[in-house]
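Summary of the model geometry
Here is how the chains run, residue by residue.
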Amino acid sequence: MGAGQTAEEFRAELRAWLEENCPQEMRGGADAEDAICWGGKNWVFTCDAQKVWLERCAAKGYTVPTWPKDCGGAGLTRDQEKIFHQEMARIDARTPLQSFGIWMLGPALLHFGSQEQKEHYLPPIARGEVRWCQGYSEPGAGSDLANVQTKGEDKGDHWLVNGQKIWTSYADKADWIFALVRTDRDASKHLGISFLLIDMTDPGVETRPIRMISGISPFCETFFDDVKVPKHQIVGTENRGWDVAKYLLTHEREMISGGGQGLAGGRALGAVLAETMGEDGLIDATLRADAMRCEVDALAIGLTLERYKDQSEAGQGAGNASAMLKYMGTELNKQRHELLMSAGGSDALEWDGPLGNRAGDWLRTKANSIEGGTSEVMLSIVSRRVLGLPG
Amino acid sequence: MTKLVMTEEETMLGDMARGFLDGAAPVSAFRKLRDAGETHDAKLWKEMADMGWAGVLVPEDQGGSDMGFAAANVIAQELGKTLVVSPFLSTAVMAATALRQVGDARAKGALAKIASGDLTYALAIDEGIKHDPDATAMEAKADGNGFRLSGKKTFVVDGAMADRLLVLAKTAEGLTLFDIPADRAGITRDASNMIDARDAARITFEDVEATGEDVLGQVDSAMSVLKPALEAGQAALAAETAGLAAGAFGMTVDYLKERKQFGATIGSFQALQHRAAHLWCETEVTASAILNAGRLLDSDPDNATLAVSLAKARATSTAQLAVMEGVQMHGGIGMTDDFDMGFYMKRARVVAEWLGDYGYHAEKVAALRGF
Ligand SMILES: Cc1cc2nc3c(=O)[nH]c(=O)nc-3n(C[C@H](O)[C@H](O)[C@H](O)COP(=O)(O)OP(=O)(O)OC[C@H]3O[C@@H](n4cnc5c(N)ncnc54)[C@H](O)[C@@H]3O)c2cc1C
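**Observations regarding the overall build of chain A**
For chain A, the helix and strand inventory stands at 11 helices and 8 strands. For chain A, the C-alpha radius of gyration of 22 Å lies close to 21 Å, the compact-globule estimate for 391 residues. Taken over the C-alpha atoms alone, chain A extends approximately 70 × 50 × 45 Å along its principal axes. The proportion of buried residues among the 391 residues of chain A is 43%. Long-range pairs, those at least 24 residues apart, make up 71% of the contacts in chain A between residues at least 6 apart in sequence.

Laid out in C-alpha cells, this is it:
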C-alpha cells in the first residue's frame, strides 16, 4: 500500500488481496468459541485454514491494522481502517486474531511504553505468538480497583511479587500477564500501584480455573508466590501504574461495548430471530416490538462508536466516551440475548441443543455489564466526570 | 468519506444560532406568546430569514443560503433547546425541499419568497390520528382540465397561519401533491387548541378547485416530491427534538446541583446520579443518529430513509425520557405552570406524534433491516 494511494485504489488492492488470501473456511460461521484464533503458545488451531489465515494477515500487518508498521501493524489511517472493516465484512471474513494483547495491552504500550518495549512486546502480539491476560481484580478489589493488595517488594534489580488475583480471564491459557501491583504501601491508594509485565511460566505463578454459569471455565484465580519480576518489566513510571491502568480500561470498555465486534455492522437482530422462528414466526407482537427497539438502539450505538472515532481523529477528545459506550453497549447486548432466548423457546434450553450454544452465549453476556467495570460504576463515572455531580 | 463529526462551519453556525436565540427567543419569549394566545412571531421569523435560515435549503440563485440538510439540523436543534416558535420546519425545510424537487419557474419563485421570509407553507397530509401518508383518503376528482378537492386534514402544523398549503390527495392512479393558497374558496381552517400552544389546524376542503398548475410535480406521483420533503422534515424534527431533550436535561442537571434536601444537594444521591447519567448516555447515542441523518441527506439523499427514521425514533424516545425525568427530578415545582419544564413535556408529546411516531419509524428501520 503506497503512500499517496487514493481510497479507491486502496480498496481495490485490499479487495483483491482478500479474495486471494482469505481461505473459504475462514469466511462466515464464527459461532464456536474457538472459531477466532486467540493466539499464544497454547493455542490449538482448529484447522489449517485458521493458521494460514493468521499467518497471511500477520505478514501484512492486518491482525492489528492501525498499529504502526514497526510494531507489527499495517499503519492504516482511520479512513483506510473503515475500508478494511467494510471489505472484511463484504466477504464475511473472520477476524484473524483477537486477544487482550490487541485490545488492551497494545494500546497501553503504544501510549506509555518505551520504544524498546513496543518493539519487544508488540510484534509477538500481532503475530499471535504471545497471549496476554489481565491481572487487575482481586478478592478485595473489584469496583474499588485501586484497592489492590498484591504487593511488589523492591529487591534492587527486581520486584518480589506476592498476592492473589481473581477473575483473570484465560490466565490458564495465557503466556504473560499485565498486573497491577502495589509497590508503595505508604502512599495513598491510587499512588502506590505499578503496572508490571509478568511471565506466566515464572516460578511461583499458579492458576486455578473457576467454572462460570455458562458451563465453561474462562477465568481463573491467579497466585503469585515470591515471583521475581525484573525492573525493566514495568510500563510507565513506578507507582504511577494507575494512569496506565485507567487508560487501558478505556480501550477495554470500548471493546466490551460491542462496537468493536460489529454490533451494528453485524447481522440484524430481526434476521437472526426470523431464522429461529421461521419466516412467519416473528408474529409474537411483544418480541417483535422489543426486537425493533433493540435494532434501533444497536444501530445508533454503532454510529456513536464511529462518531467518537471520527472525533478523536479530528483531535476532538471524546471525554468519557468509553464509560458511556460500555454501559449502553453491554446493557443492549444483554437484552438482545434475552430476545434470542425467547425466540428460541424450548430449543434454546438445552446445552448443545438444536440452537448450538445459544444458552451458553446468553449466560456469558450477563458478565458484559460486570467485567471491565460494572454498569453502576460506568454511570458513576459519567455522573462525576461528565455531569459534574458530587462524587 | 463523510465524517460523523461536526465541521467547523457547523459548530460556528450552532454557536451563532444559540447566541442569537438566547437573546431573541429564550423560553420566556415562548411563554409570552403563549400567554398572549399567539402562535407566530413575525418579527422573529423575519430576523431568521435575514440570517439565511429561512433559505437554508434554497439555492443561492433564488436568494437562499443553501447550507444543506446537516446545517438545517443544526439550526433546528438550537430552536428546540429554547422551544422557539417558527415556521422553520414546515416552510424552510419541508416546503423548500419539495419545491426544490420540481424546480420550474413557479417553484423557483416560491423558493425565493421562502428565502426572504415572505411566504410560509403548511403540509396538509394527515387525516387520521397517526401519520400515514399512504393511507390518504381525501380525493381530488378530475374536473375538466383540473381537479376538485374534498375531504378533511388534521394536525396540519402551522396550518392556521400559513400562506399556502401542500395538500396530499388521491387521484385516479395514485397520490398527487397540490400547492394551493390557504385562502382559496372552499377551504375552512379551524385552529386546534394544542397542548404545546403552537399552530396546528384541522382543515376542511369542500369542492376546492385546483388546476394542473397547482400540481407540484407529476399527477399520481406525489411521493417523488413529498418523500424527500418528509424525510428532510423528519430529520430536522429529530434534531429539534434532540435540542428539546438537551434543554430539559440541562435544566435538570442544574437543579440537581442546586436543590438541597437532607442537608445535601439532591445531585449527591446516587439514585438520581445514575438516572441522570443514563439520560446523558441516551442523548449522546441519539446525537450520533441525528448527525448521521444529516450527512446522508446531504451525500446520498435517495438512500437516507434508514438514517432518518433511526434519528426520529431515537430522538422521540430520548426526549420523552428527558421530560419525564425532568419533571420527576424537580419534584412539585416541575408540575407548576410557572416553571418551564412542563412546556418541554408538552412539546415533546407533540413532536413525538408529528411526521411519524416511534413505532412508525422503528417499523421503517425494521423493514430496511430485513425484519
Ligand atoms: C466474565 C468475567 C471476566 C472477567 N475478567 C477479568 C480479567 O480478565 N481480569 C480482571 O482483572 N478482572 C476480570 N473480571 C473482574 C471484573 O472486572 C470485576 O468482577 C468487576 O470489576 C466487579 O468487581 P466485583 O466482582 O468485585 O464486584 P463488586 O465491586 O463487589 O460489585 C458488586 C455490586 O455492587 C455494585 N457496586 C460496587 N460499588 C458500587 C458503588 N460505588 N456504587 C454503586 N454500586 C456499586 C456493583 O456495580 C455490583 O453490582 C472479570 C469478571 C467477569 C464476570
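**So, the confidence of the model for chain B**
Per-residue confidence for chain B gives a mean pLDDT of 97; residues scoring 70 or more make up 100%. ipTM for the predicted complex: 0.94, alongside a pTM of 0.93.

**Topic: the site of the ligand**
Residues and elements named next belong to chain A. In the vicinity of the ligand lie 20 residues, with Tyr-136, Gly-142, Ser-143, Ser-169 and Thr-374 positioned nearest. At the level of elements, strand S1 (132–135), strand S3 (158–169) and helix H11 (375–386) are the ones that each hand at least two residues to the shell around the ligand. Among the residues forming the shell around the ligand, the class breakdown is 7 nonpolar, 11 polar and 2 charged. Counting only domains with at least three residues in the shell around the ligand, you end up with domain 2 (132–239) and domain 3 (257–386).

**Considerations on the domain arrangement of chain A**
According to the domain assignment, chain A contains domain 1 (7–98), domain 2 (132–239) and domain 3 (257–386). Summarising the inter-unit geometry, the C-alpha centres of domain 1 of chain A and domain 3 of chain A are found 24 Å apart.

**Examining the domain arrangement of chain B**
All names here are of chain B. Parsing chain B into structural domains produces domain 1 (8–119), domain 2 (122–214) and domain 3 (223–368). Each of domain 1 and domain 3 has a C-alpha centre, and the two are 21 Å apart. Tallying the contact residues gives 22 residues for domain 1 and 28 residues for domain 3. When contributions to the side of domain 1 that touches domain 3 are tallied by element, the ones reaching two or more residues are helix H2 (27–36), helix H4 (69–81) and helix H5 (88–102). Among the residues making up the side of domain 1 that touches domain 3, the classes are represented as 13 nonpolar, 7 polar and 2 charged.

**Description of unusual backbone geometry**
Of note, the phi angle at A:Asp92 is positive, near 55 degrees, even though the residue is not glycine. Summarising the element assignment, A:Asp92 is placed in the loop between helix H3 (78–90) and helix H4 (100–112). Classification of A:Asp92 by C-beta neighbours within 10 Å gives partly exposed; the count is 13. Of note in the backbone geometry, B:Leu355 takes a positive phi value of approximately 60 degrees without being a glycine. Residue placement: B:Leu355 occurs in the loop between helix H10 (341–353) and helix H11 (358–368).

**Some thoughts on the pairing of strand S4 (residues 176–182) of chain A**
Residue and element names in this part refer to chain A. Burial analysis of S4 places 7 of its 7 residues in the buried class, which makes it a mostly covered element. Sheet analysis places S1 next to S4, joined by 4 bridges and oriented parallel. Bridge pairing in S4 links Trp-132 to Trp-176. Judged from the 7 bridges that link them, S4 and strand S5 (residues 193–199) form a sheet pairing that is antiparallel. Across the sheet, residue Ala-179 finds its bridge partner in S5, namely Leu-196.

**Quick look at the packing of H4(A) against helix H5 (residues 115–126) of chain A**
Residue and element names in this part refer to chain A. Two elements in contact, H4 and H5, have axes separated by 10 Å at closest approach and are oriented at 165 degrees. Taken together, the axis directions place H4 and H5 in an arrangement best described as roughly antiparallel. Here H4 and H5 pass one another in a crossing that is left-handed. Two secondary-structure elements touch here, H4 through Gly-101, Ile-102, Gly-106, Leu-109 and Leu-110 and H5 through Gln-117, Lys-118, Tyr-121, Leu-122 and Ile-125. Of the residues belonging to the contact of H4 with H5, the class tally is 6 nonpolar, 3 polar and 1 charged.

**Some thoughts on the interface of chain A and chain B**
Contacts between the two partners involve 34 residues from chain A, matched on the other side by 33 residues from chain B. Elements supplying a minimum of two residues to the side of chain A that touches chain B: H3, helix H7 (269–277), helix H8 (285–313), helix H9 (321–344) and H11 of chain A. Take the side of chain A that touches chain B: its biggest share by element is 13 residues, from H8(A). A class-by-class count of the residues in the side of chain A that touches chain B yields 20 nonpolar, 6 polar and 8 charged.

**Focus on the environment of B:Ala242**
All names here are of chain B. For Ala-242, the location among the structural elements is in helix H7 (residues 223–258). Here the alpha-carbon distance between Ala-242 and Ser-317, two residues 75 residues apart in the chain, equals 9.8 Å. In this structure, Ala-242 is in contact with Gln-77, Gly-80, Thr-286, Ala-287, Ile-290, Ala-315 and Thr-318, ignoring residues within four places of it in sequence.

**Overview of H10(B)**
In a regular helix each residue adds 1.5 Å, so 13 residues correspond to 18 Å; H10(B) covers 19 Å between its end C-alpha atoms and thus fits that length. The complete set of buried residues in H10(B) reads B:Met341, B:Phe343, B:Tyr344, B:Met345, B:Arg347, B:Ala348 and B:Val351.

**So, the environment of B:Val58**
Residue and element names in this part refer to chain B. Its location among the elements puts Val-58 in the loop between helix H3 (42–50) and H4. The class for Val-58 is buried, based on 27 C-beta atoms found within 10 Å. Spatially, the C-alpha atom of Val-58 lies 27 Å from that of Asp-132, the residues being 74 residues apart in sequence. The residues touching Val-58, leaving out its near neighbours within four places in the chain, are Gly-63, Gly-64, Asp-66, Ala-96, Leu-111, Ile-114 and Ala-115.

**Description of the packing of H7(B) against helix H8 (residues 270–299) of chain B**
Residues and elements named next belong to chain B. Interaxial distance between H7 and H8 falls to 10 Å at its minimum, and their mutual angle equals 155 degrees. Classified by the angle their axes make, H7 and H8 are roughly antiparallel. Handedness of the crossing formed by H7 with H8: left-handed. Seen from H7, the contacting residues are Glu-231, Ala-232, Ala-235, Ala-238, Ala-239, Ala-242, Ala-245, Ala-246, Phe-249, Thr-252, Val-253 and Leu-256; seen from H8, they are Leu-272, Ala-276, Leu-279, Trp-280, Thr-283, Thr-286, Ala-287, Ile-290, Ala-293, Gly-294 and Leu-297.

**Some details on the environment of B:Thr176**
Residue and element names in this part refer to chain B. By the element assignment, Thr-176 lies in strand S5 (residues 174–181). Thr-176 gets classed as buried once you count the C-beta atoms within 10 Å, which come to 27. Residues Thr-176 and Gly-23, spaced 153 residues apart in sequence, show a C-alpha to C-alpha distance of 42 Å. Ignoring anything within four residues of it in the chain, the contact list for Thr-176 reads Ala-140, Ala-169, Thr-171, Val-215, Val-219, Asp-220 and Ala-222.

**Comments concerning H9(A)**
Residue and element names in this part refer to chain A. Spanning 24 residues, H9 covers 34 Å between terminal C-alpha atoms, matching the ideal 34 Å at 1.5 Å per step. Here H9 lies mainly inside the structure; 17 of its 24 residues are buried. The positive-phi residue at the C-terminal boundary of H9 is Gly-345, with phi of around 55 degrees.

Criteria and cut-off values
Residues numbered from 1 in each chain as written. Chains lettered and ligands numbered in written order. Predicted model: local features only at pLDDT ≥ 70, side-chain atom pairs only at ≥ 80, totals over all residues. Helix = DSSP H or I, 4+ residues; strand = E, 2+ residues; numbered from the N terminus. Rg over C-alpha atoms; globule rule 2.2 N^0.38 Å. Buried ≥ 20, exposed ≤ 12 C-beta atoms within 10 Å, placed from the backbone. Contact = placed C-beta atoms within 7 Å. pLDDT = per-residue confidence, 0-100. Near = placed C-beta within 6 Å. Nonpolar A, V, L, I, M, F, W, Y, C, P; charged D, E, K, R; others polar. Domains from an automatic or database assignment. Pairing = 2+ DSSP bridges. Axes fitted to C-alpha atoms, helices over the stretch in contact; angles between N-to-C directions. Parallel < 35°, antiparallel > 145°, perpendicular 65-115°, else oblique. Left-handed = near helix turned anticlockwise from the far one by under 90°. Expected span 1.5 Å × (residues − 1).

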